[in-house]
Amino acid sequence: QAQSITSFGNIPVAKRALFASYGFVMYIAGFFAPFHLSTFYPYPCINMELHVDMPLPPFYYFSFWIALLIVAVPLYVTYKKNNNYFRIAAFGLGFFLANVIFELQFISSGMAIMADRYSYVSFIGLIFATTFFLNELIKRLPDLKVFTLILIIGFTSMLAYLCTKRTEVWLTGEGVFKDAVEQYGDEASLFYKALGNYYNNNKEPEKALDWYAKYARLNNDAEVFNDMGNLYKSIKDYPDAAKYY
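Residues numbered from 1 in each chain as written. Predicted model: local features only at pLDDT ≥ 70, side-chain atom pairs only at ≥ 80, totals over all residues. Heavy atoms only, no water.

**Topic: the overall build of the chain**
The helix and strand tally for the chain stands at 10 helices and 2 strands. Reading the chain from its N terminus to its C terminus gives the helix and strand order α-β-α-α-β-α-α-α-α-α-α-α. Rg of the C-alpha trace for the chain: 23 Å, well past the compact-globule value of 18 Å for 245 residues, more than 25% over. A buried classification covers 35% of the 245 residues belonging to the chain. Counted over contacts in the chain with a minimum sequence separation of 6, partners at least 24 positions apart contribute 65%. In the chain, 20 positive and 20 negative side-chain charges are present, and the distance between their average locations comes to 9 Å. (Helix = DSSP H or I, 4+ residues; strand = E, 2+ residues; numbered from the N terminus. Rg over C-alpha atoms; globule rule 2.2 N^0.38 Å. Buried < 20%, exposed > 50% of the residue type's maximum accessible area, 1.4 Å probe, protein only. Contact = heavy atoms within 4.5 Å. Lys, Arg positive; Asp, Glu negative; His and termini not counted. Charge placed at Lys NZ, Arg CZ, Asp CG, Glu CD.)

Structure below.
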């Protein structure tokens, strides 16, 4: 496990802050609009260790300011409006941040910049604040009660459907690995190897070799070369087996 934590000196503090800001913004975006979810969210380069000096995509630089606005605007507005509203907003955002902060990758752990499964408890804070303010809206504008309730029912029904469909991805290892590949391609090359291992274990050498080859195109991995050698030997392709050995 210790090997999965990137040395703090390898990545500048400023870039770590951008990673954390990006994660903060995207977790909140995923709470309100859970689309384009993935079983794996790679860093914005194929190999973070070899590309620490590469500029990040533009959104990473904007995300720092977006994160500040997400926190500052609700607190400022509620502080000016009502002291109780301010406490609710502060609690909701504070609960979310206190729980999600360990997943914001300021200290990079593993190869993923985000992980949806670690955000669920954090979302309790956002659910609490959102529910409170929706209820306040209905109380203050009773003429909009039916319309608001229809929107809430429609939105939660959509979430229920998306959740049901999303669970299908997690039924098999093959589904988990292919989901990451479909979303990110070469940036999720780790899952090329995972798919190779999956098909190798399921006695499907041709499929295993295909995914191993995609992985080997991007990574120098002796374990994969050895597995490929074994697979070519199993189908009696001795020249290619010798090459990979």
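**As for the pattern of salt bridges**
Opposite charge on two side chains permits them to pair, given that their charged atoms come into close proximity. This structure, assessed with the given rule, holds 10 salt bridges. The salt bridge involving E136 is made with K139; its shortest N-O contact spans 3.0 Å. Within this pair, E136 and its partner K139 are both found in helix α4 (residues 123–140), separated by 3 residues, close to a single helical turn. Residue classification places E136 among the buried residues on the basis of a relative accessible area of 12%. If you follow the salt bridges from partner to partner, you end up with K193, D221 and E223 in one network. (Salt bridge = Lys/Arg side-chain N within 4 Å of Asp/Glu carboxyl O.)

**Some words on the confidence of the model for the chain**
Confidence in the prediction of the chain, expressed as mean pLDDT, is 88, and 91% of residues score 70 or more. Scored below 50 in pLDDT, residues 1–5 makes 6 contacts in the model with residues more than four places away or belonging to other chains. Here residues 46–50 is modelled with pLDDT under 50, and outside its nearest four sequence neighbours on either side it reaches 10 contacts, counting other chains as well. (pLDDT = per-residue confidence, 0-100.)

**Digging into the layout of surface pockets**
In this model, the largest pocket occupies a volume close to 1400 Å³. If you go around the largest pocket, you meet 49 residues; those closest to its centre are G30, F31, P34, Y120 and F123. Counting only elements with at least two residues in the lining of the largest pocket, the list comes to α1 (13–32), β2 (112–114), α4 and α5 (145–167). Looking at the lining of the largest pocket element by element, the count peaks at 10 residues for α5. Grouping the constituent residues of the lining of the largest pocket by class yields 31 nonpolar, 14 polar and 4 charged. (1 Å grid on protein atoms, 1.4 Å probe; cavity = no way out; pocket = protein on both sides within 12 Å on 5 of 7 lines; lining within 4 Å. Points joined across faces, edges and corners; volume = space filled by probe spheres on them. Nonpolar A, V, L, I, M, F, W, Y, C, P; charged D, E, K, R; others polar.)

**A short note on the nonpolar core**
Counting 23 residues, the largest nonpolar core has F19, F96, I113 and L126 as its most contacted members. Looking at this core, the elements that each hand over two or more residues are α1, α2 (58–81), α3 (83–100), β2 and α4. The leading source of residues in this core is α1, at 9 residues. Once residues lying within four places of it in the same chain are set aside, the contact partners of F96 are F24, Y27, I28, S122, F123, G125 and L126. Grouped together as the second largest cluster of nonpolar side chains are 20 residues, A112, Y192, L195 and W211 included. (Core = buried A, V, L, I, M, F, W, Y, C linked by side-chain atoms within 4.5 Å.)

**Points about α2**
Think of an α-helix as 3.6 residues a turn; residues three or four steps apart then line up on the same face. If you check α2, its first and last C-alpha atoms are 35 Å apart, about what 24 residues at 1.5 Å a residue would give, namely 34 Å. The sharpest bend along α2 reaches about 30° and sits at F64. Of all the residues in α2, the buried ones are Y60, S63, A67 and T78. Its buried side turned inward, α2 meets α1, α3, β2 and α4. (Expected span 1.5 Å × (residues − 1). Bend = angle between axes of the 7 residues up to and from the residue.)

**Quick look at the packing of aromatic side chains**
Within this structure, the stated rule accounts for 22 aromatic pairs. Between the aromatic rings of Y192 and W211, the centroid separation amounts to 5.7 Å while the plane-to-plane angle is 35°, which identifies the pairing as tilted. One end of the pair, Y192, is in helix α7 (residues 190–201); the other, W211, is in helix α8 (residues 205–216), and 19 residues separate them in sequence. In this structure, Y192 and W211 share a single accessibility class: buried. Aromatic pair Y232 and Y244: ring centres 5.7 Å apart, planes at 10°, arrangement stacked. One end of the pair, Y232, is in helix α9 (residues 222–234); the other, Y244, is in helix α10 (residues 238–244), and 12 residues separate them in sequence. (Phe/Tyr/Trp six-rings, centres within 6.5 Å; stacked < 30°, edge-to-face > 60°.)

**What to know about a nonpolar patch on the surface**
On the surface, L134, L137, L141, L144, F147 and L151 cluster together to form a nonpolar patch covering roughly 510 Å² of accessible area. Every element with two or more residues in the nonpolar patch is listed here: α4 and α5. Mapped onto the secondary structure, L137 falls in helix α4. (Patch = residues over 30% accessible without salt bridge, like charges linked within 9 Å, V, L, I, M, F, W, Y side chains within 5 Å. Areas by Shrake-Rupley, 256 points an atom, 1.4 Å probe, with all protein chains shown as cover.)

**Brief notes about the packing of α1 against α4**
Across the interface, α1 lies against α4 with an axial gap of 11 Å and an inter-helix angle of 55°. On the basis of their axis angle, the class for α1 and α4 is oblique. Of the two possible hands of crossing, α1 and α4 adopt the one that is right-handed. Listed contacts from α4 to Y27, I28, F31 and F32 of α1 are F123, L126, I127 and T130. Each residue belonging to the contact of α1 with α4 can be placed in one class, and the counts come to 7 nonpolar, 1 polar and no charged. (Axes fitted to C-alpha atoms, helices over the stretch in contact; angles between N-to-C directions. Parallel < 35°, antiparallel > 145°, perpendicular 65-115°, else oblique. Left-handed = near helix turned anticlockwise from the far one by under 90°.)

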